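The primary structure of each chain is shown beneath.
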Amino acid sequence: MREKNLALKEKLVKASLGEIRLDLLLKNCNLVNVYSGEILETDVGIALERIVSVHRNGKDARRKINCSGYYAVPGLIDAHVHLDSTLLTPRQLARIILPRGTTSVLIDPMETANVLGIRGVKILLKDAWSTPLKTFVQISSRVPTAPGLETTGAKIELDEIERAVRSEWTVALGEMDPSKIIPPQRKYMARLITAEKARKIRVGHAAGLSGSKLEAYVSAGLGDDHECVTAEEALERIRLGMKVMVREGSSERNLEDLVKVISKYRVDPRHLFFCTDDKHPDDIIREGHIDYNVREAIELGVDPIEAIQMATLNCAEHFGLDNEIGSIAPGRIADIILVRDLMEFKPEIVIANGELVAKDGKFLKKLPKFNWPKWSKNTVKLKSEMRPEDFIVGSKKEVQKVRVIKVIEGQIINEQIHADLRVVGGEVQVDLEKDVIKIACVERHKRTGNLAVAFVSGFGIKDGAIASSVAHDHHNIVVVGANDRDMTIAVNEIARMKGGLIAVKQGAVLAKLELPIAGLMSELRAEAVIERLNMLNLAVKELGCKLKAPFMTLSFISLPTVPELGLTDKGLVDVKNHKIISPLL
């Protein structure tokens, strides 16, 4: 390996000196220099997949592209994404985000890890690394996320994390929620120390923290946070030395509020960078990926070059990757996007690893099929078929006061509210007028038969049910519905499909998407997944739901680490106090 690296360095030096012919020359481009903040009219020379020259010197090249009228911008970076939450396999995701200018992603593979363990992560990475999209790993720190409060398919132990953080393919320890730090839990603190010794960033997840608790969290060594929802939260973190990831996903829409930390509080934008966290492919196709974040930030008043820094260099420097990605400078990997207008910021030409991979929104490379092993596609296992009576919530009262998970549109967090529900024949009824319906979580990994039922508001469903085997982070089956019969049909059909999303009304399946890989990802091409997602979203509207991203919202409503309530197969979770509570008051 050392000899190989030496040989590469020698060739790069010779290429910079003009002693080796360039592979590609981008002529007459307006180079956006993310270091100096300048825009320079120049040429960019590429050899051996790397940039070797950024000034005009008459070098010869095997291929030349006239970039007159174009701005050359570094390839965009998604600072934190759960790749497996996109419902796509890595190569299908690469096909739709590379044309939008994203050339690198930093993934926390906790979804696959919670179902399939470390061997599942290795298969996911094998798929990812066979594409032009560079995939760096934030090795999952908490699998399972909430021990004792949920059932998962697998776990990742300290020794596995130690091996991972020492490897070249890991750039960080994945996000760790406050319950592992406050009060300190030694097995999780040991993971932080392991990453610290390996000089790897420790990714944060400081949802809802402020004051002394936030300070305690930062004291443990967490370096950033992607759970801010207000400019004030972002400012508090930056004041304590944390970096802030500006998240804009399908259901977590935080960008508009967070960029106010720049305009309102005059914070240096170099403390911020972009991530999607979780974004469905239909949203990526409709609005974009990290390019969308850049456009939105510019429209909200962020200087274009500063917005580009937030999408490139800021992230690369934070994770120690700036010698490889994040800029157009000698020695860096040749990831470059060409746009005609910085304000509109629409990638027209995308170069990754020195090769033209996309043009005018079209992916140009042909990727061979990747075969996922059979064991990765047999993960949805119920103890027995569900019956409508399984979803009954009993009470001896005439009117039962209940806890309700209140969905907040565009946010990952939720509220706990209370509702008074009628009891008929000893069974607590839903209240469609007040938009209070049932939610249930059904264990699907180990055939335990675990089932928890509670109440939720905010979906607006008046008839039918929707269900998903994507349910953060335990990924059991989560279902919401206006009646027990449709909830039953939805869960049983997901089990039959070996994972997926579904909408049911009056006993009939309106639409569905099969997700057989770990119950999380489809084997279909991105276009087919998007078509089925669109059909599902239309079907959910027919049920009365007005949420913009109903299935992404559904996947997060059960999360036991984001305030205020979560729902796992073991019960309703009081997130702040980290314990199971009754849905009945």
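Above this text is the structure in question.
Read on for a plain summary of the structure. Remember, it's a predicted structure, so these values are computed and weren't measured experimentally.

**Description of the overall build of the chain**
Now for step 1: When you go through the chain residue by residue, the secondary structure sums to 16 helices and 29 strands.
Now for step 2: The C-alpha radius of gyration computed for the chain amounts to 24 Å, which stays within 12% of the reference 25 Å derived for 585 residues, consistent with globular compactness.
Now for step 3: Put simply, the chain has 585 residues, and 63% of those count as buried.
Now for step 4: If you sum the accessible surface of the chain, you get close to 22600 Å²; carbon and sulfur atoms cover 48% of it.
Now for step 5: Of note, the chain has its 83 positive side-chain charges centred 5 Å away from the centre of its 79 negative side-chain charges.

**Thoughts on unusual backbone geometry**
Now for step 1: With an omega of -5°, the peptide bond running from Ile 182 to Pro 183 counts as cis.
Now for step 2: In this fold, Pro 183 is placed in the loop between β9 (170-176) and α5 (186-197).
Now for step 3: That bond from Pro 563 to Glu 564 is cis: its omega, 5°, falls within 30 degrees of zero.
Now for step 4: In this structure, Glu 564 sits in the loop between α16 (550-557) and β27 (565-568).
Now for step 5: Backbone geometry at Ala 518 places phi at a positive 60°, although glycine is not the residue there.
Now for step 6: Among the structural elements, Ala 518 can be located in the loop between β26 (508-514) and α15 (526-542).
Now for step 7: On the basis of relative accessibility, which here comes to 0%, the residue Ala 518 falls in the buried class.
Now for step 8: At His 578, a position not held by glycine, the phi torsion is positive, near 55°.
Now for step 9: Among the structural elements, His 578 can be located in the loop between β28 (571-574) and β29 (579-581).

**Quick notes on empty space enclosed by the protein**
Now for step 1: Within this structure, the stated rule accounts for 4 cavities of 30 Å³ or more.
Now for step 2: The volume enclosed by the largest cavity comes to roughly 80 Å³.
Now for step 3: In terms of lining residues, the largest cavity is bounded by 16 residues, among which His 82, Glu 175, Asp 277, Asp 473 and Phe 556 are the most central.
Now for step 4: Looking at the lining of the largest cavity, its residues break down into 5 nonpolar, 4 polar and 7 charged.
Now for step 5: Here the lining of the largest cavity gathers at least three residues from each of two domains, domain 2 (77-329) and domain 3 (377-580).
Now for step 6: Size it by volume and the second largest cavity reaches roughly 70 Å³.
Now for step 7: Along the walls of the second largest cavity sit Ser 251, Val 407, Ile 408, Gln 411, Ile 412, Ile 413, Asn 414, Thr 553, Phe 556 and Ile 557, which together make up its complete lining.
Now for step 8: Top contributing element to the lining of the second largest cavity by residue count: α16, with 3 residues.
Now for step 9: Residue composition of the lining of the second largest cavity, grouped by class: 6 nonpolar, 4 polar and no charged.

Reading the values: the criteria
- Residues numbered from 1 in each chain as written.
- Predicted model: local features only at pLDDT ≥ 70, side-chain atom pairs only at ≥ 80, totals over all residues.
- Heavy atoms only, no water.
- Helix = DSSP H or I, 4+ residues; strand = E, 2+ residues; numbered from the N terminus.
- Rg over C-alpha atoms; globule rule 2.2 N^0.38 Å.
- Buried < 20%, exposed > 50% of the residue type's maximum accessible area, 1.4 Å probe, protein only.
- Areas by Shrake-Rupley, 256 points an atom, 1.4 Å probe, with all protein chains shown as cover.
- Lys, Arg positive; Asp, Glu negative; His and termini not counted.
- Charge placed at Lys NZ, Arg CZ, Asp CG, Glu CD.
- 1 Å grid on protein atoms, 1.4 Å probe; cavity = no way out; pocket = protein on both sides within 12 Å on 5 of 7 lines; lining within 4 Å.
- Points joined across faces, edges and corners; volume = space filled by probe spheres on them.
- Nonpolar A, V, L, I, M, F, W, Y, C, P; charged D, E, K, R; others polar.
- Domains from an automatic or database assignment.

These results come straight from atomic positions and should not be treated as a statement about function.
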